Amino acid sequence: MELNGNVPPGPLAEKWTKYKSSMPLVSPDNKRRLDVIVVGSGLAGAAAAAALGELGYNVKCFTFHDSPRRAHSIAAQGGINAAKNYKNDGDSVYRLFYDTIKGGDYRARESNVHRLAEVSADIIDQCVAQGVPFAREYSGMLDNRSFGGVQVQRTFYARGQTGQQLLIGAYQALSRQISLGKVTMYNRHEMLDVVLIDGKARGIITRNLVTGKLERHAAHAVVLGTGGYGNVFYLSTNAMMCNVTAAWRAVRRGALMANPCYTQIHPTCIPQYGDYQSKLTLMSESLRNDGRVWVPKNIEDAKAIREGKKKGKDIPEADRDYYLERRYPAFGNLVPRDVASRAAKVECDKGHGIVPTGLGVYLDFNAAIDRYGKSKAHSMNLENPSAQQIYDMGKAVVEEKYGNLFEMYEKITGEDPYTHPMKIYPAVHYTMGGLWVDYNLQTNIPGLFATGECNFSDHGANRLGASALMQGLADGYFVIPYTIGTFLSKEIRTPKFSTATPEFEEAENAVRERLSGFINNGGKQSAESFHRRLGKIMWDYCGMGRNTEGLTKARRMIQELKAEFYADLYVPGSMDEYNPELEKATRVADFLELGELMCLDALQRNESCGGHFREEYQTEEGEALRDDENMMHVAAWGWQDTSLEPELNKEPLIYENIKVAARSYK
């Protein structure tokens, strides 16, 4: 399949502005005749539904939660990027664009990333107008802090609750459209298939998760904003209900899945402590602004800490290895996530880990507390303050900036992070892969659009911190309301669709047959048990380190696990009732197919880039080694018939405005 990104012509900095001025439009009167389905109610979905409703379209919005406010966007902590240059430190649209391209290891589409940087400033204005309580500095201006992979301060934040506050803002906008009747909200509904009529997306099949009833919903276009697929690893920072089903059902109808192997491993998570766990907890990357990452220099000290004979605070400064500052002096603790994660793995593999499993490092705030305390004492004209006064004042500053994160850490671990350094280790977080979309955010299926983490387009092989919230709101508020018109402008004479058509009948019957198969399978093992086993395979062989032998083995293991799943799955209850075990079964079935494709994608990408680290391709210093000559492309996979091999399609990545170079943060 020949992939056309539909990137408009002209200079990069003018593409979006000129395109908006020349793209096909739908008049206000015609908008009222057109129906749009939005699946998902996180930042991308809620923003899209609210914006499209405000424009006049008739919108149906679906979420499998009991409220849109339960979407996983609410869990984001650290902040949202925007090129406002409030700190007067040299930031600009171009610098945000460049940092994002470089952070993604030169594996993102140039035009989409520049558009993201352009609209970033509008997002902040929109959110402030909605009442989002961003942090402010003494002057009253919005405050900024740094995040990984950049040398400027461009991240706007609301303590450690930025995602929550932004989602509430989007939910307000969505609620207004619901009250006006422009958006019809369907809570506790899960999309289980896309309906195509004459090759175009014209509706979806959903299941009411309370009653079990299958429902048909028709529209002129369908927009997916259903998040990422990190839960394929079972243990991740994602909410337990996050899944790939909406996107994967689109793949099974002909949509392409792009770069599925690009998985972000977040370096700042509470370590795993046992096999009983079902989730890992993220500690915001913003903590690396003031926290210093280290391990004991001496393996004997690390062993003593693992055995409980020593504490981190017992290790003198001279015996600590601040390895990020040592290896990457220019960026220090604020290197990008993929770099920081691999560096932590290297130290733990050498035996310097500090938790019983050996998989953990320290994030220490002692130096920050001391620095802030001395600064506060100086501002108060305190001469010769005591060590306790310095500590108390410094702690108050840190508490103001990160207090809720510290509280969360203490509740989970039982340790006070003000007096004991935090224990952290990398964990699966974000997925840069997703449905292939063009510049209009339209998949290769006409009328089917994908926004936010659900698509592949903006982050390349590694996402910079604080850019997920930026992409979700950019796509929802400022991109899809324009670009969906390129499709709908040709549909204004198309009458409303009836759900009493052969296409809807076929799709509903296929869903019912699939669900009935799970219910009547008669096996002995739960979907959860298969999910846990799949996750271990994925983490062991397609996680932070990957190689040909492991990926080949993993694909074979997943195929065997999939066969066992369909032979021995047990789902209690019936299809026509509230049945979370049935929900889980459908999601795990899709994860099994996706997991196999991820291994295949990683196997064919013979290079290391961003979060994709093939152990055969690294420099002498252990850094990622790209192959720009052979691998500078988007890998977009089609897999409608899983009895056949997936089909690889390539979209070349062409850089006209950035010089492609080896990434260096030293």
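A short note on the overall build of the protein
So, point 1. The secondary structure content of the protein amounts to 19 helices and 19 strands.
So, point 2. Its C-alpha atoms give the protein a radius of gyration of 25 Å, within 12% of the compact-globule value 26 Å for 666 residues.
So, point 3. In terms of overall dimensions, the protein has a C-alpha envelope of 80 × 55 × 50 Å along the principal axes.
So, point 4. Within the protein, buried positions represent 61% of all 666 residues.

Comments concerning the nonpolar core
Side chains that are nonpolar tend, in soluble globular proteins, to be buried together.
So, point 1. I80, L435 and I484 are the most contacted members of the largest nonpolar core, which has 181 residues in total.
So, point 2. Considering each element in turn, this core owes the most residues, 12 residues, to helix 18 (residues 580–604).
So, point 3. Excluding its chain neighbours within four sequence positions, the residues that come into contact with I484 are V36, L52, Y57, A221, V223 and F449.
So, point 4. Counting 7 residues, the second largest nonpolar core, distinct from the first, contains I305, I354, V355 and Y362.

Digging into the domain arrangement of the protein
So, point 1. By domain assignment, the protein separates into domain 1 (12–23 + 35–262 + 432–488), domain 2 (267–428) and domain 3 (502–633).
So, point 2. Just the C-alpha atoms count here: the centres of domain 1 and domain 2 sit 32 Å apart.
So, point 3. Between domain 1 and domain 2, the contact holds 25 residues from the first and 29 residues from the second.
So, point 4. Summed over both sides, the interface between domain 1 and domain 2 buries roughly 2300 Å², with carbon and sulfur atoms accounting for 53% of that surface.
So, point 5. Broken down residue by residue, the surface that domain 1 buries against domain 2 is led by Q77, L235 and T237, which jointly contribute 26%.
So, point 6. Counting the contacts that link domain 1 with domain 2 gives 0 salt bridges.
So, point 7. For the pair domain 1 and domain 2, the number of links is 13 residue pairs in polar contact (both at pLDDT 80 or more).
So, point 8. For the side of domain 1 that touches domain 2, the class distribution of residues is 8 nonpolar, 14 polar and 3 charged.

Description of the packing of helix 16 (residues 527–542) against helix 18
So, point 1. Two elements in contact, helix 16 and helix 18, have axes whose closest approach is 10 Å; the angle formed by their N-to-C orientations is 15°. Accordingly, the angle class assigned to the pair helix 16 and helix 18 is roughly parallel. You can see that helix 16 and helix 18 cross each other, and the crossing is left-handed. Of the residues in helix 18, those in contact with A527, E528, F530, H531, L534, M538 and C542 of helix 16 are K584, A585, V588, F591, L592, G595, M598, C599 and A602.
So, point 2. Each residue belonging to the contact of helix 16 with helix 18 can be placed in one class, and the counts come to 12 nonpolar, 2 polar and 2 charged.

Details of unusual backbone geometry
So, point 1. At N88, a residue that is not glycine, the phi angle is positive and equals roughly 55°.
So, point 2. Backbone geometry places Y106, a non-glycine residue, at a positive phi of 60°.
So, point 3. Among the structural elements, Y106 can be located in the loop between helix 4 (93–103) and helix 5 (110–130).
So, point 4. Owing to a relative accessible area of 1%, Y106 belongs among the buried residues under this scheme.

Remarks on the sheet that holds strand 11 (residues 263–269)
So, point 1. Here 5 strands make up an open sheet; going across it, the order is 11-15-14-12-13 and the pairing antiparallel. In this open sheet, the two edge strands, each paired with only one partner strand, are strand 11 and strand 13 (320–321).
So, point 2. In this sheet, strand 15 (residues 422–431) lies alongside strand 14 (residues 361–364) in antiparallel orientation, the contact comprising 3 bridges. Note on strand 15: the bridge partner recorded for V361 is I424.
So, point 3. Seen against the sheet, helix 10 (residues 337–349) touches strand 11, strand 12 (292–296), strand 13, strand 14 and strand 15 and runs at an angle of roughly 65° to strand 11.

Description of the sheet that holds strand 6 (residues 189–197)
So, point 1. Spatial ordering of the open sheet is given by 6-7-8, a layout of 3 strands whose pairing is antiparallel. Edge positions in the open sheet fall to strand 6 and strand 8 (214–218), since each of these has one partner strand only. For this sheet, the mean angle separating the axes of adjacent strands, direction not counted, is 25°.
So, point 2. The sheet contact formed by strand 6 and strand 7 (residues 200–208) spans 8 bridges and is antiparallel. Each bridged residue has a counterpart across the sheet, and for I197 the counterpart in strand 7 is K200.
So, point 3. Docked against the sheet, helix 15 (residues 502–519) engages strand 6, strand 7 and strand 8, running at close to 140° with respect to strand 6.

Focus on the packing of helix 7 (residues 245–252) against helix 18
So, point 1. It is the contact of helix 7 with helix 18, at a shortest axis distance of 10 Å, that shows an interaxial angle of 65°. As for the relative orientation of helix 7 and helix 18, their crossing is left-handed in sense. When helix 7 is examined against helix 18, the residues T245, W248, R249 and R252 are found in contact with a partner set consisting of T586, R587, D590, E593, L594 and L597.

A word on the side chain of R202
So, point 1. Within the secondary structure, R202 sits in strand 7.
So, point 2. Looking at R202, the relative accessible area reads 5%, which means it is buried.
So, point 3. Only 2.9 Å separates the side chain of R202 from the backbone oxygen of H220, close enough to count as a polar contact.
So, point 4. In contact with R202, other than residues within four places in its own chain, are V195, I197, H217, A218, A219, H220, F487, E491, F497 and F504.

Calculation criteria
Residues numbered from 1 in each chain as written. Predicted model: local features only at pLDDT ≥ 70, side-chain atom pairs only at ≥ 80, totals over all residues. Heavy atoms only, no water. Helix = DSSP H or I, 4+ residues; strand = E, 2+ residues; numbered from the N terminus. Rg over C-alpha atoms; globule rule 2.2 N^0.38 Å. Buried < 20%, exposed > 50% of the residue type's maximum accessible area, 1.4 Å probe, protein only. Core = buried A, V, L, I, M, F, W, Y, C linked by side-chain atoms within 4.5 Å. Contact = heavy atoms within 4.5 Å. Domains from an automatic or database assignment. Buried area = accessible area lost by both parts, 1.4 Å probe. Salt bridge = Lys/Arg side-chain N within 4 Å of Asp/Glu carboxyl O. Polar contact = N/O pair within 3.5 Å; in protein donor to acceptor, adjacent residues only side chain to side chain. Nonpolar A, V, L, I, M, F, W, Y, C, P; charged D, E, K, R; others polar. Axes fitted to C-alpha atoms, helices over the stretch in contact; angles between N-to-C directions. Parallel < 35°, antiparallel > 145°, perpendicular 65-115°, else oblique. Left-handed = near helix turned anticlockwise from the far one by under 90°. Pairing = 2+ DSSP bridges.

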